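Listed here are the chains, written in short residue letters.
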Amino acid sequence: MVFPKKAVDIAPHFTHAHTDQDLRQILDLQRRNLKTQISEQTKREQGFVTVSHEWAQLQLMQSLTPQIVAKAGGRVVAYALAMLPPMGGLIPDLQPMFEIIDEVEWNGKYLRDYRYYVMGQICVDEKYRGQGIFDGLYQKHKELYSAGYELLVTEISTSNPRSQRAHERVGFCTIHTHLDHVDEWNIVAWEL
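Keep in mind the model is a prediction, meaning the values are calculated, not measured. (Residues numbered from 1 in each chain as written. Predicted model: local features only at pLDDT ≥ 70, side-chain atom pairs only at ≥ 80, totals over all residues. Heavy atoms only, no water.)

Asks: Before we go on, may I ask you to explain the overall build of the protein chain in this structure?
Replies: Helix and strand counts for the protein chain stand at seven helices and nine strands. For 192 residues, the compact-globule formula gives about 16 Å, and the C-alpha radius of gyration of the protein chain, at 17 Å, lands near that figure. For the protein chain, the proportion of its 192 residues judged to be buried stands at 48%. The contacts in the protein chain between residues at least 6 apart in sequence include a share of 68% that link residues at least 24 apart. Split by element, the accessible area of the protein chain, about 9800 Å² in all, is 50% carbon and sulfur. (Helix = DSSP H or I, 4+ residues; strand = E, 2+ residues; numbered from the N terminus. Rg over C-alpha atoms; globule rule 2.2 N^0.38 Å. Buried < 20%, exposed > 50% of the residue type's maximum accessible area, 1.4 Å probe, protein only. Contact = heavy atoms within 4.5 Å. Areas by Shrake-Rupley, 256 points an atom, 1.4 Å probe, with all protein chains shown as cover.)

Given below as structure tokens:
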């Protein structure tokens, strides 16, 4: 008699990147979901990522903040990248957000007066979408970072409503909208 695999054996688990291979798998997943690499229909229905990280950038990010991932069968199937505010100059396409973020007000005070960090990007492999992994990644962030930070801040392209809805479901709220050389963005914050 053949027994099916236990759900636990195949279900993704949440952790942080530990190896160079984990980081390479993050970059591969990112590359496959860049808005320049997918169809318009996929962008509308499934969402997309905008920024393409370089190997050295991701290594630096990993050295300063654990990068949260979901793994299944030993492979990274989703990620949620963290960046500290001093890393604002690391990725040129994110500089406009970092230039204005400290001047954004929320709940009566400037973001610079909060202990916050930035979500650098979140992505779930197409085969694993709709299974709660997005929410699980953020719960892992809360578990790992809530002792040291009050807020998690990120920006979402206004042309990516799937991502906006998913972030709102987790508890993020839009606190500012701005336009830069890449797109129009909603800056969103989540109280940890």
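Right, picking up where we left off after that structure.
Asks: It is not clear to me how unusual backbone geometry should be interpreted in this structure. Could you clarify?
Replies: For residues besides glycine, phi is generally negative; the peptide bonds are generally trans as well. Of note, Asn-107 is a non-glycine position whose phi angle comes to about 50 degrees, a positive value. Here Asn-107 is to be found in the loop between β4 (105–106) and β5 (109–110). A relative accessible area of 56% means that Asn-107 is categorised as exposed.

Asks: What am I meant to see in the packing of helix α2 (residues 20–33) against helix α4 (residues 55–64) here?
Replies: Each pair of packed helices can be summarised by the angle the axes make with each other and by the distance between the axes. Packing of α2 against α4 leaves a shortest axis separation of 11 Å and a crossing angle of 125 degrees. On the basis of the axis angle, α2 is oblique to α4. α2 and α4 meet at a crossing whose hand is right-handed. On the side of α2, the interface is formed by Asp-20, Leu-23, Arg-24, Ile-26 and Leu-27, while α4 contributes Trp-55, Leu-58, Gln-59 and Gln-62. Tallied by class, residues from the contact of α2 with α4 come to five nonpolar, two polar and two charged. (Axes fitted to C-alpha atoms, helices over the stretch in contact; angles between N-to-C directions. Parallel < 35°, antiparallel > 145°, perpendicular 65-115°, else oblique. Left-handed = near helix turned anticlockwise from the far one by under 90°. Nonpolar A, V, L, I, M, F, W, Y, C, P; charged D, E, K, R; others polar.)

Asks: Would you explain the pattern of salt bridges in this entry?
Replies: Across all of its chains, the model carries ten salt bridges by this definition. Asp-28 is the partner of Arg-32 in a salt bridge, and the nearest nitrogen-oxygen pair spans 3.1 Å. In this pair, Arg-32 and Asp-28 both sit in helix α2, four residues apart, roughly one turn of the helix. Of the residues examined, Arg-32 reaches a relative accessible area of 36% and is grouped as partly exposed. One salt bridge connects Glu-143 with Lys-140, and the closest N-O pair in it is separated by 3.0 Å. Separated by three residues within a single helix, Glu-143 and Lys-140 lie in helix α6 (residues 133–145), roughly one turn from each other. Among the ionic contacts, a cluster of salt bridges with common partners joins Asp-28, Arg-31, Arg-32 and Asp-125. (Salt bridge = Lys/Arg side-chain N within 4 Å of Asp/Glu carboxyl O.)

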